[in-house]
Amino acid sequence: MPPQNIVFFGESGHGKSSVINMVLGYDKAETSSNAMGCTFRSTPYPHQLSGHDLVLWDTAGLNEGDQGTVTDMKAVTSLYALLKSLEGGVSLLVFCIRAPRINDAAHKNWKLFREIICQKQVPIVMAITHLENEDPMEGWWKENENRFRAYEMNPCKEYGSGVACITASKGKLRKGGRHAFQDEYDESQDTIRRLVVDNYLRVPWRVRPVEWFQTVISTSTKTGWCGKVEVIKEKHKVNGRGIYELASRWGISVSEAESLARILEGS
């Protein structure tokens, strides 16, 4: 059986690469310590975790804007292209978000990839990072869960809450050789590994291109000389299901959805 594809996504600086390194158990994925994103191409990291053959995918940081190295739609298009290209299908989406940040962009990306592109067929879980100062870390979710529910960001609850409240940083190295947040990091490593193993699809789902536009053919007739009738067929492109779903779930106009879909369709 081929390895299972586990796709990590989220905004730049929210810890995707650091979380992947934590799952791996060593530093492999390149991380960024500032607001400028360093991840552009989607990068695979094959890994065997507790007897499970996985490929962990590090992806372009979403919604970095003009100050990042990847523009908003270029990052979104890159992730969409990756999901379509995985012939072995997708087994799990891991949405990485930095506490306490939750914004309009976060819930739009959640809905786009969970509901429109993956059609709710791929489980999605959440890794909430930068919680090293919370005691206990999992208590943060209990206090903030309703904020996510209000945005309709509902992680998979097949096993547990579908959420890992973690830190992906060990903190400063102290005298004696231990890091400031070593205990919290070790606990987080166990938590995120369990989250992945418990929730990924054993039978992956193959992502198909979204029907952004449809081609329809109109037929008309024209009468020429001597009463000869000519049949004229013309092709027209009309909006497909994906346009209206994007407009509805993102709260944007149909024309705005059309513009975004044209960019995505070119991926």
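Residues numbered from 1 in each chain as written. Predicted model: local features only at pLDDT ≥ 70, side-chain atom pairs only at ≥ 80, totals over all residues. Heavy atoms only, no water.

Participant: Requested: an account of the overall build of the chain, with residues and values cited.
Facilitator: From N to C terminus, the chain includes 7 helices and 8 strands. Across the 267 residues in the chain, those meeting the buried criterion constitute 48%. In the chain, the share of contacts with a sequence separation of at least 24, taken over all contacts with a separation of at least 6, comes to 68%. In the structure as shown, the chain presents an accessible area of about 13,900 Å², 47% of it carried by carbon and sulfur atoms. (Helix = DSSP H or I, 4+ residues; strand = E, 2+ residues; numbered from the N terminus. Buried < 20%, exposed > 50% of the residue type's maximum accessible area, 1.4 Å probe, protein only. Contact = heavy atoms within 4.5 Å. Areas by Shrake-Rupley, 256 points an atom, 1.4 Å probe, with all protein chains shown as cover.)

Participant: So, the sheet that holds strand S2 (residues 43-49): which residues are in play, and what are the values?
Facilitator: As summarised here, the arrangement of the 6 strands in space is S2-S3-S1-S4-S5-S6, forming an open sheet in which the pairing is mixed. With partners counted over all chains shown, the strands left at the sheet margins are S2 and strand S6 (163-165), one partner each. Direction aside, neighbouring strands of the sheet carry axes that sit 25° apart on average. Pairing between S2 and strand S3 (residues 52-58): 7 bridges, direction antiparallel. Residue pairing in the sheet places Pro 44 in a bridge with Trp 57 of S3. (Pairing = 2+ DSSP bridges. Axes fitted to C-alpha atoms, helices over the stretch in contact; angles between N-to-C directions.)

Participant: Explain the nonpolar core to me, using residue names and the numbers behind them.
Facilitator: In this structure, Leu 83, Phe 113, Met 126, Ile 128 and Trp 212 are the most contacted members of the largest nonpolar core, which totals 52 residues. The element best represented in this core is helix H2 (residues 72-85), accounting for 7 residues. The contacts of Leu 83, once residues within four sequence positions are left out, are Val 7, Val 90, Leu 93, Phe 113, Ile 117, Cys 118, Arg 206 and Val 207. In terms of nonpolar packing, the next biggest core, distinct from the first, is built from 26 residues, Val 19, Val 23, Leu 49 and Leu 195 among them. (Core = buried A, V, L, I, M, F, W, Y, C linked by side-chain atoms within 4.5 Å.)

Participant: Got a sec to walk through the packing of aromatic side chains? Specific residues and values, please.
Facilitator: Under the definition given, this model contains 6 aromatic pairs. Between Phe 9 and Phe 95, the ring centres sit 5.0 Å apart and the planes meet at 65°, which makes this aromatic pair edge-to-face. Of the two residues, Phe 9 is situated in strand S1 (residues 4-10) and Phe 95 in strand S4 (residues 92-98); the sequence distance between them amounts to 86 residues. Neither Phe 9 nor Phe 95 differs from the other in exposure class; each is buried. Seen from their ring centres, Tyr 80 and Trp 212 are 6.2 Å apart, and the 80° between their planes marks the pair as edge-to-face. Remark: Trp 212 occurs in the loop between helix H5 (182-199) and strand S7 (213-223) and Tyr 80 occurs in helix H2; sequence separation between them is 132 residues. Across the pair, exposure class does not vary: Tyr 80 and Trp 212 are buried alike. (Phe/Tyr/Trp six-rings, centres within 6.5 Å; stacked < 30°, edge-to-face > 60°.)

Participant: Just give me the short version of a negative patch on the surface, but keep the residues and values in it.
Facilitator: Judged by side-chain charge, Glu 134, Asp 135, Glu 138, Glu 143, Asp 186, Glu 187 and Asp 190 come together as a negatively charged surface patch. Mapped onto the elements of the fold, Glu 187 is located in helix H5. (Patch = residues over 30% accessible without salt bridge, like charges linked within 9 Å, V, L, I, M, F, W, Y side chains within 5 Å. Salt bridge = Lys/Arg side-chain N within 4 Å of Asp/Glu carboxyl O. Lys, Arg positive; Asp, Glu negative; His and termini not counted. Charge placed at Lys NZ, Arg CZ, Asp CG, Glu CD.)

Participant: Summarise the environment of Ser 85; cite the residues concerned and give the values.
Facilitator: Of note, Ser 85 is situated in helix H2. Residues Ser 85 and Val 207, 122 residues apart in the sequence, show an inter-C-alpha distance of 8.1 Å.

Participant: Quick one: what's the story with the side chain of His 47, residue by residue and with numbers?
Facilitator: By secondary structure assignment, the location of His 47 is in strand S2. Taking the relative accessible area as the measure of exposure, His 47 reaches 15% and is therefore buried. At a separation of 3.5 Å, a polar atom in the side chain of His 47 contacts the main-chain carbonyl oxygen of Val 23. Residues within four places of His 47 in sequence aside, it is in contact with Val 23, Leu 24, His 52, Asp 53 and Leu 54. (Polar contact = N/O pair within 3.5 Å; in protein donor to acceptor, adjacent residues only side chain to side chain.)

Participant: Describe unusual backbone geometry, and please don't skip the residues or the numbers.
Facilitator: The step from Asp 135 to Pro 136 runs through a cis peptide bond, and the omega angle for that step is 0°. Along the chain, Pro 136 falls in the loop between strand S5 (124-129) and helix H4 (139-150). Positive phi, normally seen in glycine, also occurs at His 130, with a value near 65°. Relative to the helices and strands, His 130 is located in the loop between S5 and H4. Overall, the relative accessible area of 32% leaves His 130 in the partly exposed class. With phi around 60°, Glu 152 is a residue other than glycine that occupies positive phi space. Mapped onto the elements, Glu 152 comes out in the loop between H4 and S6.

Participant: Describe the confidence of the model for the chain, listing the residues and the values that go with them.
Facilitator: When pLDDT is averaged across the chain, the result is 85; 88% of the residues are at 70 or more. Per-element confidence in the chain ranges from a low mean pLDDT of 74 for S7 to a high of 96 for S3. Throughout residues 34-39 the model reports pLDDT below 50, and contacts reaching past four residues in sequence, or to other chains, amount to 20 contacts. (pLDDT = per-residue confidence, 0-100.)

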